[in-house]
Amino acid sequence: MDSLNSLLDGFGTALTPMNLLWAAIGVLLGTAIGVLPGIGPAMAVALLLPVTYGLDPTGAFIMFAGIYYGAMFGGSTTSILLNTPGESAAVVAAIEGNPMAKAGRGAQALAAAAIGHFAGGMIGTILLVALAPTVASLAIGIGAPDYFAIMVLAFIAVTSVLGASRIRGLASLLIGLTIGLVGLDQMTGQQRLTFGSLQLADGVDVVIVAVGLFAIGEALWVAARLRRTTGEPIPVGRPWLGRSDLRRTWKPWLRGPLIGFPFGAIPAGGAEIPTFLSYVTEKRLSKHRGQFGKGAIEGVAGPESAASASAAGTLVSMLTLGLPTTAVAAVMLAAFQQYGIQPGPLLFEREPELVWGLIASLFVGMVLLLALNLPLAPVWAKLLRIPRPYLYAGILFFAAVGAYAVGGESLDLVILLIIGLIGFGMRRYGLPVLPAVIGVILGPAAEQQLRRALQISDGSVTGLVNTPFSVTVYAIVALILAWPLVYRVVVVRRRNGRKEGGKTGAVSGG
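Just so it is clear, the model here is predicted, and its values are computed rather than measured.

**Overview of the nonpolar core**
Counting residues in each nonpolar core, the largest one holds 128 residues, and the members touching the most others are Phe61, Ile80, Val204, Leu213, Leu319 and Phe336. The dominant element in this core, judged by the number of residues it contributes, is helix α4 (residues 57-82), at 13 residues. Those residues within four positions of Leu213 in sequence are excluded, and the remaining contacts are Glu218, Ile419, Ile422, Gly423, Met426, Arg427, Val433, Ala436 and Val437.

In structure tokens, the structure reads:
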């Protein structure tokens, strides 16, 4: 009841004309910046941080929240239309959204994503209000073995579900893990795969990897095929969801937050893991499993809803523990400290107006985001009417600008081209791109958690399975690995049983 009263006071703060203006500006800027390949919400918040020096803290953080949600949706827009994720949380949207766009259903994919963001954000923020203390206490109790188990689950899930075979999925994952090794060892300080270059000591930024594998690789692949085929503009299609689309999307919209919110609250990769797990879940539960990989709308609705709810979960740890679980949260934590405010258990007591105004603004931002992007869905989709040679030339340009903006080094452009060639080769030989991106994002963190867990247990492997949480996760991993074999055995037995039953019936009938 206290939370509800505080939330109502927060709406009084968030709905003032100036704070509404900052929320609208944040959503607009976030969507516009998120559409640009390689410039995600973390970079947007970081770039706009100096602009907010003259604002009061409440207005500044309300605008940051709008940028966060807007950039997440903007990233999914280019992911769906151009197979070029604006940020890592939008990677999964490309798997089904881009085939939908190529089939003339880009507007439907964007509408499913927009409503998914709205549903996930609303449910996630409600859970933020209701469950923040509980989730914070759970996050405190999770240790290195549990984090490592979660990341192993993500690796197995993504390699098992995507691609033509598990072997190709594993090969793609190994490519990503290898790229993730580049740089200094976080524990010993030794250089790995840097080839003597000091500029590679910090590793390869995940934005460069994602843009290279998706944008550059896709552009080169399309260019190679355009030599043989003409690049006709792709039809946009009707800009609304039909009854069949709604029947297929309403359950994924509601399931996404149940996966996204808990993962957002723990430092296990931000929105990346829950979007992948949501995709896996929707593929398992769908009655249209054969459409996955060819443009299944459930594969857009569920992950986008999970990503938005994950953003709300991220704020739980940041506000209650001062624990940033994503790059955006880290930038926002720096902004709190810039204003002399320390997030933590006492923040709700010391700065109630700021905290509850920020939480209430999330509800306002969701409504603004939906009102802005649903009407614009067909407008964004008309990007596909541009002939592909001009379209992909523009993608290459913005991808190069985005990659250069990451570190301001010319070497980043060389790395971008090399990774783009790797992406082209992966498409040529049928390797899924997504596991490689997962390997780069989670590989270094998984290695660090593995080594911490082994250090705690004095090198004993049993230290990886000494908690109920990790045992449960590994049981799920074993189920995922064993399920295809069990499924085949069950199906074969059923078929053999039917054949024997048919033969018996035929003999008795004869």
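**A short note on a positive patch on the surface**
Taken together, Arg166, Arg284, Arg289 and Arg488 make up a surface patch of like positive charges. Here Arg289 shows up in the loop between α11 (272-285) and α12 (298-321).

**With respect to the packing of α4 against helix α5 (residues 93-102)**
Viewed as axis vectors pointing N to C, α4 and α5 meet at an angle of 50°, and their least axial separation amounts to 6 Å. Classified by the interaxial angle, the pair formed by α4 and α5 is oblique. Mapping the contact onto sequence places Ser76, Ser79, Ile80, Leu81 and Leu82 in α4 and Ala93, Ala94, Gly97, Asn98 and Ala101 in α5. Residue composition of the contact of α4 with α5, grouped by class: six nonpolar, four polar and no charged.

**A look at the packing of helix α8 (residues 166-181) against helix α18 (residues 434-456)**
Running from N to C, α8 and α18 point in directions that differ by 50°, and their axes come no closer than 7 Å. When the axis of α8 is compared with that of α18, the two are oblique. With respect to the hand of their crossing, α8 and α18 are arranged in right-handed fashion. Contact residues: α8 offers Gly169, Ser172, Leu173, Gly176, Leu177, Ile179, Gly180 and Leu181, while α18 offers Pro435, Ala436, Gly439, Val440, Gly443, Pro444 and Glu447. Looking at the contact of α8 with α18 residue by residue, the classes come out as eight nonpolar, six polar and one charged.

**Topic: a nonpolar patch on the surface**
On the surface, a nonpolar cluster with roughly 370 Å² of combined accessible area is contributed by Trp483, Val486, Tyr487 and Val490. Here Val490 is to be found in helix α19 (residues 468-509).

**Considerations on the pattern of salt bridges**
All chains considered together, the criterion is met by five salt bridges. Residue Glu282 is joined to Arg255 by a salt bridge in which the shortest nitrogen-to-oxygen separation is 2.8 Å. Here Arg255 lies in helix α10 (residues 243-264) and Glu282 lies in helix α11, a separation of 27 residues in the sequence. Residue classification places Glu282 among the buried residues on the basis of a relative accessible area of 2%. With a shortest N-O distance of 3.0 Å, Arg451 and Glu447 are connected by a salt bridge. Of this pair, Arg451 and Glu447 are both found in helix α18, four residues apart, which corresponds to roughly one turn of the helix. Given the relative accessible area of 24%, Arg451 is considered partly exposed. Put simply, Arg192, Glu447 and Arg451 are held in one network by salt bridges that share partners.

Quick notes on the rules
- Residues numbered from 1 in each chain as written.
- Predicted model: local features only at pLDDT ≥ 70, side-chain atom pairs only at ≥ 80, totals over all residues.
- Heavy atoms only, no water.
- Core = buried A, V, L, I, M, F, W, Y, C linked by side-chain atoms within 4.5 Å.
- Buried < 20%, exposed > 50% of the residue type's maximum accessible area, 1.4 Å probe, protein only.
- Helix = DSSP H or I, 4+ residues; strand = E, 2+ residues; numbered from the N terminus.
- Contact = heavy atoms within 4.5 Å.
- Patch = residues over 30% accessible without salt bridge, like charges linked within 9 Å, V, L, I, M, F, W, Y side chains within 5 Å.
- Areas by Shrake-Rupley, 256 points an atom, 1.4 Å probe, with all protein chains shown as cover.
- Salt bridge = Lys/Arg side-chain N within 4 Å of Asp/Glu carboxyl O.
- Lys, Arg positive; Asp, Glu negative; His and termini not counted.
- Charge placed at Lys NZ, Arg CZ, Asp CG, Glu CD.
- Axes fitted to C-alpha atoms, helices over the stretch in contact; angles between N-to-C directions.
- Parallel < 35°, antiparallel > 145°, perpendicular 65-115°, else oblique.
- Nonpolar A, V, L, I, M, F, W, Y, C, P; charged D, E, K, R; others polar.
- Left-handed = near helix turned anticlockwise from the far one by under 90°.

In short, geometric facts, not functional conclusions.
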